[in-house]
Amino acid sequence: MTAAAGNAPIILTLPDGSSREYLGTVTAAEVAADIGPGLAKAALAGEVDGALVDLDLPITESCQFRLITTRDENEALELIRHDAAHILAMAVQELFPGTQVTIGPVIDDGFYYDFAREEPFSLEDLDKIEQKMKEIVKRDVPTRREVWDRDEAADHFLEMGETYKAELIRDLPAGEEIRVYHHGDWHDLCRGPHLMSSGKIGSAFKLTKLAGAYWRGDAKNAQLQRIYGTAWRDKKELKAYLTRIEEAEKRDHRKLGKEMDLFHIQEEAVGMVFWHPKGWSLYQEVEQYIRRAQRERGYQEVRTPQLIDRKLWEASGHWDKFRENMFTSNADEKDLALKPMNCPAHIEIFKQGLKSYRELPLRMAEFGCCHRYEPSGALHGLMRVRGFTQDDAHIFCTEEQILSETKEFVDFLFSVYRDFGFEEVRVKFSDRPDVRAGSDDIWDRAEDSLRGALEQTGLEFEMNPGEGAFYGPKLEFVLRDAIGRDWQCGTLQLDFVVPGRLGAEYVGEDNDRHTPVMLHRAIFGSFERWIGILIENFAGRFPLWLAPTQAVVTTIVSDADEYATALAEKLKARGIRVGLDTRNEKINYKVREHSHAKIPFILVAGRREADEGTIAVRRLGSKEQQVLTIDEVVDMLTAEATAPDVARQQSA
RNA sequence: GCCCUCGUAGCUCAGUGGUAGAGCGCACCCUUGGUAAGGGUGAGGUCGGGUGUUCAAUUCACCCCGGGGGCACCA
């Protein structure tokens, strides 16, 4: 439509299919007012062909049109948070003149704004800023939008001392309109849209944390001060959010790890885990499960050295591409490195003896203990450590076998995740990174075959550009836990580079020597991280087969001690991890204590049970008791404590 | 690694410029009690490490180590 079409009517098609006609231009606010005064008051913004617009932005062409109110959750939150970020910037500049504003986007659950200021903000400042924001909201400052000339805008912000804003303007795409939003006396460069006044965001917001953040996300740039906040449609939502955060903190694996006596980490071994008996029991259960599963799927388990000569890492390419992350040592005038990965060692095993194509695919697994020098700021409980054990394996195969091996692995991975209770899994495909080994030609082939194999599995996937390993493209498997958080665990990486660099070969059908393709793969990723995820997913209330202590037998009176001891022995003989508590304490006290310890079953013996040959069974999370005979309880516990894979085999 | 923040008993935490306190836990004694805390007594701390200021530092300042929240990193 051209500008001359001023006399042609504009037709707005509403979500219910009805339409409204206007002559000249119209604004979303006017449409709302036309429909009714209630809507005029409730409207936050308009939506024109799927894009949010200011209520007062003139609409000049026919379009699909919708009014946004607080009922439209996603859009309303987006608008409220965006405005909250602006009001935050406004408050900061009122309180701390000379502070530069940069960017302030909406994020999950809230917003942040990055500021440039010499002096750091303190937590007390955060309170002051929040108070000032409330004041600005109360003032209900009206919003005004202006479109500026690019150069004038850049000069203007530069004159104000807002060098970051000026830089942003300079870098905006040529066609982009330069918009400046005024909130009272204050103004900022912004794409919009915004609510019509500061009062519209309501009072359900809160500043949450203070952090450093690099300008444009690059550690080479200046570090800015970021203020995070959360904002919601009403107080009830805000409270629900804060409660949700508290609940997540309660299942923090570091807190539960201490409470449940599973593991600890201390100063003298930063980023490395001391597994306590209970944590190690859990670990062992997980390891034995995956060992059985791998054996079942045709993997051979191996074990390779921790400390390997620099020469091997040079040959594999790690010394060049990965040196910064490797722990090194030195002996016999040789440079040694703790292995950060197992692959070169597995290739060295592959190279022993002449291999035939008939031996492929050869699946070599190792619960390989690796060390990586992670930046101190990256460490996080079990989730990010410097010493960890992978459920690692390398599949040596031909190019033709990539497809079937990929399918087989994906099937394997999903079955394992299901056994641990994870049903929701996403797949990401990562292609060539900037720093890489191997020619573009090889990368083309590797990416094509891995993507092709993935497509054949029928799984949906998203692209993750530039995130591949230095030796090849990879698939990443991301699972969702019980409270909706995503964890990247499994991976499948295709490698056309390293086997060749280390001289791995097999004799083909044609009697020529060929370099095998290698698939690096892991399902848990690392045991440490996997167990951290399990702790948080189950909030420490593990399924019986994983629980470090599966049951405690305890007594009401000491006359039942002998009986309880005999039962505990019997359960132990059947492979149940059972505790015995004959302390001279009241039953209330013991039930409370073992419930807090998240023991799945408390088996209580009093005089009655001892006389009748029964036991009172109390399951964690239930107040009910069930009186069973000894045989019944032994059968029930052994059945429920059976690992899912073993149970499947037994019933087959 | 960078920014902010924290470090006191086994755990959770209070506190002070004059060498420290609670609850839980632990030990011992009394209590034998039927499903989420029975009572009493007692032990336990170089206040993360170092340097400085001070008559005097756990307290104030600076440095280091470690934890937490972010950023960057996650090959």
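As a reminder, the structure under discussion sits directly above these lines.
Residues numbered from 1 in each chain as written. Chains lettered and ligands numbered in written order. Predicted model: local features only at pLDDT ≥ 70, side-chain atom pairs only at ≥ 80, totals over all residues. Heavy atoms only, no water.

**Q** Mind laying out empty space enclosed by the protein, listing which residues take part and the relevant values?
**A** Summed over the entire model, instances satisfying the criterion amount to 1 cavity of 30 Å³ or more. Approximately 30 Å³ is the volume found for the largest cavity. Taken together, Asp-54, Asp-56, Thr-143, Arg-144, Arg-145, Tyr-181, His-194 and Met-196 form the lining of the largest cavity. The leading source of residues in the lining of the largest cavity is strand β9 (residues 143–148), at 3 residues. Considered class by class, the residues forming the lining of the largest cavity number 2 nonpolar, 2 polar and 4 charged. (1 Å grid on protein atoms, 1.4 Å probe; cavity = no way out; pocket = protein on both sides within 12 Å on 5 of 7 lines; lining within 4 Å. Points joined across faces, edges and corners; volume = space filled by probe spheres on them. Helix = DSSP H or I, 4+ residues; strand = E, 2+ residues; numbered from the N terminus. Nonpolar A, V, L, I, M, F, W, Y, C, P; charged D, E, K, R; others polar.)

**Q** So, the protein's contact with RNA strand B: which residues are in play, and what are the values?
**A** Neighbouring RNA strand B are 50 residues, the closest being Gln-223, Phe-322, Arg-372, Ile-556 and Asn-584. By atom count, sugar and phosphate contribute 50% of the portion of RNA strand B lying within 4 Å of the protein. Take Tyr-214: an N or O atom from its side chain is 2.5 Å from a base nitrogen of RNA strand B. One nitrogen or oxygen atom from the side chain of Arg-618 is found 2.4 Å from a sugar or linking oxygen belonging to RNA strand B. Listed by contribution, the elements that provide at least two residues to the surface near RNA strand B are β12 (205–214), β13 (223–231), α8 (253–259), α18 (587–596), α19 (607–612) and β33 (614–619). Examining the composition of the surface near RNA strand B, we find that 7 residues originate from one element, α18, more than from any other. Along the lines of polarity and charge, the residues of the surface near RNA strand B split into 21 nonpolar, 14 polar and 15 charged. (Near = heavy atom within 4 Å. Polar contact = N/O pair within 3.5 Å; in protein donor to acceptor, adjacent residues only side chain to side chain.)

**Q** Can you tell me about the packing of aromatic side chains, naming the residues and giving the values?
**A** Ring pairs (aromatic) are described by centroid distance and by the angle formed between their planes. Inspection of the entire model under this criterion finds 28 aromatic pairs. Each ring, one from Tyr-164 and one from Trp-215, has its centre 4.7 Å from the other, and the planes form 75°; the classification is edge-to-face. One end of the pair, Tyr-164, is in helix α6 (residues 163–171); the other, Trp-215, is in the loop between β12 and β13, with 51 residues separating them in the sequence. Residue class for Trp-215 comes out buried when judged on its relative accessible area of 6%. Pairing Trp-275 with Tyr-283 gives two aromatic rings, centres 5.4 Å apart and planes at 65°, and the pair type is edge-to-face. Exposure remark for Trp-275: the relative accessible area of 19% places this residue in the buried category. Across the ring face of Trp-232, the terminal group of Arg-81 is positioned such that the distance to the ring centre comes to 4.4 Å. The ring of Tyr-228 has Lys-209 lying over it, and the distance from NZ or CZ to the ring centre is 5.3 Å. (Phe/Tyr/Trp six-rings, centres within 6.5 Å; stacked < 30°, edge-to-face > 60°. Buried < 20%, exposed > 50% of the residue type's maximum accessible area, 1.4 Å probe, protein only. Lys NZ or Arg CZ within 6 Å of the ring centre and 35° of its normal.)

**Q** Lay out the pairing of strand β29 (residues 517–526) in plain terms, naming residues and giving numbers.
**A** Judged by how many residues are buried, β29 sits mostly within the fold: 10 of 10 residues are covered. Bridge count for strand β22 (residues 387–397) against β29 is 7 bridges, and the pairing is antiparallel. Looking at the pairing, Ile-395 lines up with Leu-519 of β29. (Pairing = 2+ DSSP bridges.)

**Q** Explain helix α3 (residues 73–95) to me, using residue names and the numbers behind them.
**A** Here α3 is 23 residues long and its end C-alpha atoms lie 32 Å apart, about the 33 Å a rise of 1.5 Å per residue gives. By the criterion of burial, α3 is predominantly enclosed, with 18 of the 23 residues buried. (Expected span 1.5 Å × (residues − 1).)

**Q** An account of the pattern of salt bridges is requested, with residue identities and associated values reported.
**A** Should the charged atoms of two oppositely charged side chains come close, the side chains can pair. Scanning the model with the defined rule gives 58 salt bridges in all. One salt bridge connects Glu-237 with Arg-233, and the closest N-O pair in it is separated by 2.5 Å. For Glu-237, a relative accessible area of 16% corresponds to the buried category. By relative accessible area, which is 24% here, Arg-233 ends up partly exposed. Asp-448 is paired through a salt bridge with Arg-451; the nearest N and O atoms lie 3.8 Å apart. Of this pair, Asp-448 and Arg-451 are both found in helix α14 (residues 440–457), 3 residues apart, which corresponds to roughly one turn of the helix. On the basis of relative accessibility, which here comes to 22%, the residue Arg-451 falls in the partly exposed class. Put simply, Glu-424, Arg-426, Glu-462, Arg-480 and Asp-486 are held in one network by salt bridges that share partners. (Salt bridge = Lys/Arg side-chain N within 4 Å of Asp/Glu carboxyl O.)

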